[in-house]
Amino acid sequence: MNFQEQLLQIIQGIFSQDNQSRKQGEDLLAQLRVAQPNEFVIQMLNLCRHQELKIRQFAPVYLRYSLSKFAPKSHHNIWNQLSLETKEIVKLNLFQLIEVENSHIVRNQLCDIIGEIGGSLYQDQNHNEWPNLLPILWQMFLSPKSDIIECGFKILGNLFIYSIDQFDKHQQDLHTLFVQGLASSQIKIKSSTMHALGNYIKYSLPVQYNNFQDLISNMMKSALEITIQDLSLGEGIMEVFSDIVDSKPKFFRKQFNIFFNGIQVIFRESQIENGVKRIGTETLLSMVEKFPRLFKFEKLYLIQVVEMIFFHMIQISSTITDEWKRPPEGFNDDIEQDEDCETTRFGMSSIDRLIESLGKQEMLPVLNPIVSELLKHQDWRYKNAAIMALSQVGEYIEDVADIKPTIELILPMLNDSNSMIRYAVCHAIGQIADDMKPKFQKSYLHIVVPQFLNRLTIEDVPRVNSHILAALTNFVEGTEKGIEAYLPNLIQLSIKFLNNGISIEKENAISVIAATAESSKLSFIPYVNELLPILFKIFSTHQTKQYRQLKGQAIETITLIASAVGEQVFLPFLQQTVQILIQVQTSNLEAIDPQKSYVLSGWQRLALVCPLQLAKYLGDIVPSLFQLIQQVFNMNSTGSENGKELHTYDNEEAEVAIHMLSVFIEELKQSFFPYVERCIKLIVPLCQFNSDENIRSAACKCLVSLVRNVKETNNTQQLINGAKYFLGVILEAGYKELDPTVIIEQIDCIKDIIDIVSQPFMTTEEVTELSDKVFKLLLESDKRKAENENLAQEEDVDEDEKNAIKEETETEENLHVKIAECIGSLFKTHKEFVLPLYEIICSQILPRVLDQHKSPKMHQFGICLIDYMVEHLGFPYIQNHFIDLVQALTVYAVDKICLVRQAAVYGIGIMATNTPPELYQQVSQKLSQALVESLKTQKTEEDNQKLFGQARDNAISALGKIIKSQPLSLGSELIQGMETWLYLLPLQHDKRQAYIQHNLLAEFIIQNGDQFVNGKSENALQILKVFASCYKSKRSTPTIDIKIASALRVLEQLDQGKINLQQIFQQLSPEDQKKLLEIPK
């Protein structure tokens, strides 16, 4: 058997239906490729001429995988193993094959291989292994054959993906080619030109694509011609526009009117299918999101987009089928959407996107008149579209009075003769109830609920009944009080549909029960004994596949009832609930099965309600539970490299599983410890899960819970080993993380682990290694910040993009602050091991971040680092940099930004507490003056009231700390300082500082009441006011309350000749007098 025959035999094996034969063939082919690369490539080229189409389709694809550096990682690139002769044969043969190939599919594959290999062989103008590629390519455009010209554009488009820079010297040639291609009479040439031009724009920089903006008019004309003649090609062209808007929307910005009108012409063309038109609508929606200011200014564009959306929404069947009214058992409205439902949801989503992008002030005046006209139309589909659109506005309305006209308009239609209109009304009110909770419920509880309950008694369409129940669920979930009046009707009607309804009625009835339990809590107790047996019975009477969703929701409802009524009421039902959950999780659940997430959430709720009782069942629960979790994680940890698609549904399931494990770890404490090692094996790989940032964050947080669990065992060495291992896992994940918000959470997890261990557990070398890694994350963040700042300076960056860049920069700066908190934890727990870290901060970081030109967040970052140094390291650690640190605190104590000012004055207070008196004397005047100036700061319109108050509270607290720890520094001004501080109390905004200062005042009075009152009645009055305000309030604690009582007894014993406390007491407000009289003497 010669080499080619051997190749053919192997390839035929790869085509086998048998997995083992296919895998064996793939392995053999890969071995041949590596063992005899030259012969392999030449024979594969020969197979590209094989008479069998299937072979000709396979050979170019496999060659591309074998010769391109852009091929999947699972394939070995053998280009560098080829001889020069073989390489030249490849380059020559590929173009020759295009000339003789008659299959459109194979020609496309040959174009792909030429483009990808050509891109692989080009690095720059001086390093190009295929220098004659472009000359050969230019010749293709001179061919008399339209197929060859079409292939030329396809190769061109592929080259743009991989090596666009090699065309910088050929922009004029490209422009000419594109003009000619768009003007071609051959529809396929037009189409391939559009795709090539789309790739050029998509992969080029503005400086490259700007020269082609004059082609927009040609592009729009070609798009119309292509779409009218060939809908399939037309759909591809609309996708080209969509891709450009997603990646390079500014290409269309300067000639937006031409682009918009071009899409409109296509939209109005009657010969073009609605699916193609919808891509155009989606594209314009994306433009609104990219350039909202343009559409705010040009209202006509916005009106036309809204009209396009409603056009789609009315393109549904005018006949309401019996199947719609009564869907089959197991029907799921979210999964099994028909084309009409999908069209309606597209319209609703589009309206939502518009309001979110433009704001209600811009959108509602445009939307309202269109909706009003639609509601007047005789065709029910227009009314349906209008009502569905109105369902989206609740999220953007703050004042419940503003929704009144909408509710008055649509609620009467709950009794419309058309079942789909009734369905739409339920949807709209349910959505508004969800978006505007709890304000909507407070205003409409006694209007909406009675009408829904009444309709349920007469409605004869199951689909509508299910939606009334769904709307009731949304309404009840947002009801804070008052639902008790409707409990009997809600529960009895729900039981009716549970017993007699079809599956969608049962599912939504059970949701009503769950929502009612959550809302009414203890008022639900009288119904528990009746309802739980009915819910348990579902698992024996509904065992077929159609009822998986129902059983999942039954688990949810049972465990929500447990949460609502509490452990003691639910305890008699716990054993049966546990048995049901175990039964479900061991029932060979399919890969996609809604019961999985319900089981996981159910265990989580049970662990929160009755952890000690649940712990007794762990031996029965955990083995099959871990198998279920492993199944969920396996579905999500496959990654995209092996070609398996990831689903949002699966990711949500994995996230639920992680949260469930965290709750088990936290709530079951030592009972869960035997399962910790298995848990670690499940969680650690997910810290670097590629396709979902929520899973990565949740996994890192779960590791923190594991550290807490290990600490409960009092095994110090095990705690230290686990903490070090988890820190390494999280840091490694941080290095590979691209999302700064996730890095913030990862840094927070590192801080939490250090805090939980709460003792030195790392050596100096380990602390240095950890801090080096954290600083690398800091440097990467700095790079991203610098890139954002440079991007913001570019000429063509508009206001919306600047705002987006600003948000990204703020996220990076929040990361800096979080890193400072992490370093603070290191200082607190590893004081003896952080000297190298301390020196780096003082010499390299603080001078940079405290530069006056840096942002407030950077100043806050720097000041927080100083605070942590002073608080946790103290003297003599900070002595060498003492004056510099004081200077920074005094400068930023008067900063106009509240967060910066708060950090600085807090630092001044800590400086007073932790500095030796002889050193403090050197800087006392400077620090005190800074505090005085800080307290003079007036609130501006831009200041947040709470942040301003916290900054002021910290300044007052700092003064109190000076009085307590450094009284000599105030000299003759001590009494004045004490009185100033007294009249600034009580603190209102910073609870932690309030505790410290109110406790301090009580201690001052207990220790030396005479000195503090200083013979002044007004001082005594102020002290009484502060105590009355603080006692048994959020600004006090039981310990402080006891001290306040003691301080009052001291005040009563003061010299009555100087201070008459009874007279002073009469000057207090009645409320304060009453409060003080409550204090035990």
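Heads up: these notes are all about the structure in this document. Because the structure is a prediction, the values reported are computed rather than measured.

Re the side chain of Ser662
Residue position: Ser662 is located in helix H35 (residues 648-668). When its relative accessible area of 11% is taken as the criterion, Ser662 is described as buried. Setting aside residues no more than four positions away along its own chain, Ser662 makes contact with Cys702 and Ser705.

Focus on helix H8 (residues 146-163)
Taking 1.5 Å of rise per residue, the 18 residues of H8 would be expected to cover 26 Å, and the 25 Å separating its terminal C-alpha atoms lies within 8% of that figure. Of all 18 residues making up H8, 13 are buried, and the element is well covered by its neighbours.

Describing the pattern of salt bridges
Per the stated rule, a full pass over the model turns up 40 salt bridges. Two residues, Glu745 and Lys701, come together in a salt bridge whose shortest N-O distance is 3.5 Å. Taken together, the positions of Glu745 in helix H39 (residues 740-757) and Lys701 in helix H37 (residues 693-711) put the pair 44 residues apart, joining distant regions of the chain. Through salt bridges with shared partners, a single network forms among Lys545, Arg548, Glu590 and Asp593.

Focus on unusual backbone geometry
With omega at -5 degrees, the peptide bond leading from Lys437 into Pro438 counts as cis. On the secondary structure map, Pro438 appears in the loop between helix H24 (419-435) and helix H25 (439-458). Even without being a glycine, Lys521 presents a positive backbone phi close to 50 degrees. The topology assignment puts Lys521 in the loop between helix H28 (503-520) and helix H29 (528-541). Since its relative accessible area comes to 46%, Lys521 is described here as partly exposed. One non-glycine residue, Asn714, adopts positive backbone phi at about 60 degrees.

Remarks on empty space enclosed by the protein
Rolled over the atoms, a probe with the dimensions of a water molecule shows which regions are left empty. Taken as a whole and assessed by the stated rule, the structure comprises 2 cavities of 30 Å³ or more. Of the voids in this model, the largest cavity is the one considered here, and its volume is about 50 Å³. If you trace the largest cavity, you find it lined by Arg901, Ser934, Leu935, Thr937, Phe948, Ala951, Arg952 and Ala955. Of all elements in the fold, only helix H46 (917-935) and helix H47 (945-965) reach the threshold of two or more residues within the lining of the largest cavity. Split by residue class, the lining of the largest cavity holds 4 nonpolar, 2 polar and 2 charged. Roughly 40 Å³ of volume is contained in the second largest cavity. Along its surface, the second largest cavity is lined by Ile975, Met978, Glu979, Leu982, Gln1011, Phe1012, Asn1014 and Asn1019. Contributions of two or more residues to the lining of the second largest cavity are made by helix H48 (974-984) and helix H49 (991-1013). Counting residues per element, the lining of the second largest cavity draws most heavily on H48, at 4 residues. Broken down by class, the residue content of the lining of the second largest cavity amounts to 4 nonpolar, 3 polar and 1 charged.

Analysis parameters
Each chain has its residues counted from 1, following the order in which its sequence is written. Local features in this predicted model are restricted to residues of pLDDT 70 or higher, and side-chain atom pairs are both shown and tallied only at a pLDDT of 80 or more, whereas totals for entire chains, interfaces and linings draw on every residue. With hydrogens and water stripped out, all remaining heavy atoms of the structure feed into the side-chain values. Each helix is a run of DSSP H or I of at least 4 residues and each strand a run of E of at least 2, with the numbering of both proceeding from the N terminus. Accessible area is worked out with a 1.4 Å probe on protein chains only. A residue is then buried under 20% of its type maximum, exposed over 50%, and partly exposed in between. Any pair of residues with heavy atoms lying within 4.5 Å of one another is described as a contacting pair. A helix is expected to span 1.5 Å multiplied by its residue count minus one. Basic side-chain nitrogens of Lys or Arg form a salt bridge, by our definition, when they fall within 4 Å of a carboxyl oxygen of Asp or Glu. With a 1 Å grid spanning the protein atoms alone, the term cavity applies to any set of points in which a 1.4 Å probe fits but cannot get out, the term pocket to an open set with protein on both sides within 12 Å along at least five of seven lines, and the term lining residue to any residue with an atom within 4 Å of a point. Grid points are joined across faces, edges and corners, and a volume is the space filled by probe spheres set on the points. Three classes are used: nonpolar for Ala, Val, Leu, Ile, Met, Phe, Trp, Tyr, Cys and Pro, charged for Asp, Glu, Lys and Arg, and polar for all others, with Gly counted as polar.

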